[in-house]
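# Coordinates in review
Each chain, letter by letter, is given below.
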Amino acid sequence: MVADMCFTHTGHLKQKRHSAVRGSEGGVMSGWEKVKGEILTPDFYRYEPCPIKASELDGEFVQLTWPDGVSLRCYRLWLRENAMGLGGVDPATREGLLDPAMLDEHMYIEACRVDSDGHLVLAWQPEGRDVAYHSGWLKHVALGQNRPESWLPESVPWDAAGMQSPPQVDGRNILDDADALRALLNALIESGTCRITAAPAEAGFLVRLAERIGPIRDSNFGALWDVRADVRLAGSARTNTTANTGLRLGPHTDLPTRETPPGFQFLHCLVNDADGGASTLTDGAALTSALRDQDPRAFSLLSERNWIFFNRGPGIDHRWSAPVIDHSDAAGFTTLRAFYPVRAFPDMPEADIPAAYAALGLFHRMAADPKFELRFRLEPGDVLCFDNRRILHGRDAFTGSGLRHLQGIYIDRDEILSTARALNRAASRHS
């Protein structure tokens, strides 16, 4: 995580929960926008000043330098869009107001300077107005702390030798303890998985947990869904998912039938007195890297040749065509589409089908190899959390009597990352 010494966090954890009102932070003020003498910024954080050493107008750009050698070049129209108090950003919502169609050559910077507090001041024409830009806010852009990956831990691939069990977080206070929640989310981003222990074994607990993170991702299974494994249902027609049978579930990811499968999955164990049915996890990041090294041709086929994934439940018809190793995410996240019960048809040239099936077999054999796969038993009160697009999860077959009842939810990646950034950024001011 990148350290930022130029701000403090204000407001609630999630921007959408801000109760922004006009008055002290709204309306048009003389000079530039200030609250209690502080320059407003185009977001809901308060930055400590990071005085700028020098500013220089260089054509359509402003060149900034700080005493520590950090520099930033700012394009005039980007600066105009972010002008507080000049119709660039709304002080109440902190959202941009300028339609790009309104940006033109008539908006130009007549002069730039650094004021006595080290902030940037620009003289804008044709308005004939000076606008101040907070030095701490500009410094955070110069340091790259405005980028999507900022305030998040890096993803670290793992295998069974490097991580014998999922990271754990105590669940007794996780609904109230920001540090426990932050530890959970950081583990999910870094390792792709985390196990909450000692949470209440009460139905609906996941809904309350989700309220701390973000909206639940609904699906045809409902917002909160039950997994009641019953060996009597093996091969029967009384369920719409293999998860509700006693059969083995090999390593897989959920809902590859969707254009964008759910980002993260949470499985809460309410009851488990069944024989067998151990849970399994495999890190797809480590798996695909090993596959690329071991068999580049197989990796290429699984990354470039499509399969049609098709939900066969009564009354629904979700389907999508994509590779098993899907690199199409614009943000660079790889999505593994690896649920064989809903992989229905090869969607590729006939000549590639035999080799694609061989590659698929190798992929799934490696996913279940003890070198990559963790195996453990869920106990009542455990919540198994994992990145549904990275981590392959599964379950051994049940071998006897007993009941295992889980409840599950999905939460999209955006919500996990957003709340993690807010918590990490807030915690940094105490470090």
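The coordinates are above.
Read on for an overview of the structure. (Residues numbered from 1 in each chain as written. Predicted model: local features only at pLDDT ≥ 70, side-chain atom pairs only at ≥ 80, totals over all residues. Heavy atoms only, no water.)

With that settled, the discussion passes to the overall build of the protein chain. A count of helices and strands for the protein chain gives 8 helices and 26 strands. Within the protein chain, contacts between residues at least 6 apart in sequence are counted, and of these 75% link residues at least 24 apart. A total of about 19,500 Å² of accessible surface is found on the protein chain, and carbon and sulfur atoms cover 51% of it. (Helix = DSSP H or I, 4+ residues; strand = E, 2+ residues; numbered from the N terminus. Contact = heavy atoms within 4.5 Å. Areas by Shrake-Rupley, 256 points an atom, 1.4 Å probe, with all protein chains shown as cover.)

Moving on to the sheet that holds strand β18 (residues 306–310). Read across the open sheet, the 3 strands follow the order β19-β18-β22; overall the sheet is antiparallel. Each of the sheet's edge strands pairs with one partner strand only, and the pair in question is β19 (319–322) and β22 (343–347). Ignoring which end each strand starts from, the neighbouring axes of this sheet average 20° apart. Relative to β22, β18 runs antiparallel, the two sharing 4 bridges. Bridging from a neighbouring strand, Phe309 pairs with Arg343 of β22. Strand contacts of helix α7 (residues 353–367): β18 and β22, with the helix running at about 140° to β22, the strand carrying the most contacts. (Pairing = 2+ DSSP bridges. Axes fitted to C-alpha atoms, helices over the stretch in contact; angles between N-to-C directions.)

Right, let's get into α7. The end-to-end C-alpha distance of α7, which contains 15 residues, comes to 21 Å, matching closely the 21 Å that a straight helix rising 1.5 Å per residue would cover. Regarding α7, the residues found buried are Ala356, Ala359, Leu360, Leu362, Phe363, His364, Met366 and Ala367. (Expected span 1.5 Å × (residues − 1). Buried < 20%, exposed > 50% of the residue type's maximum accessible area, 1.4 Å probe, protein only.)

Membership of the largest hydrophobic core comes to 28 residues, with the highest contact counts inside it found for Leu184, Leu209 and Phe266. Those elements that place two or more of their residues in this core are α3 (178–191), β12 (193–197), α4 (205–211), β16 (264–272), β24 (383–387), β26 (404–411) and α8 (413–428). In this view, Leu209 contacts Ile174, Leu175, Leu181, Ile196 and Phe266; residues no more than four positions away in its chain are not counted. Core analysis: the next-biggest nonpolar cluster, separate from the first, contains 24 residues, Ile52, Leu72, Leu79 and Leu86 among them. (Core = buried A, V, L, I, M, F, W, Y, C linked by side-chain atoms within 4.5 Å.)

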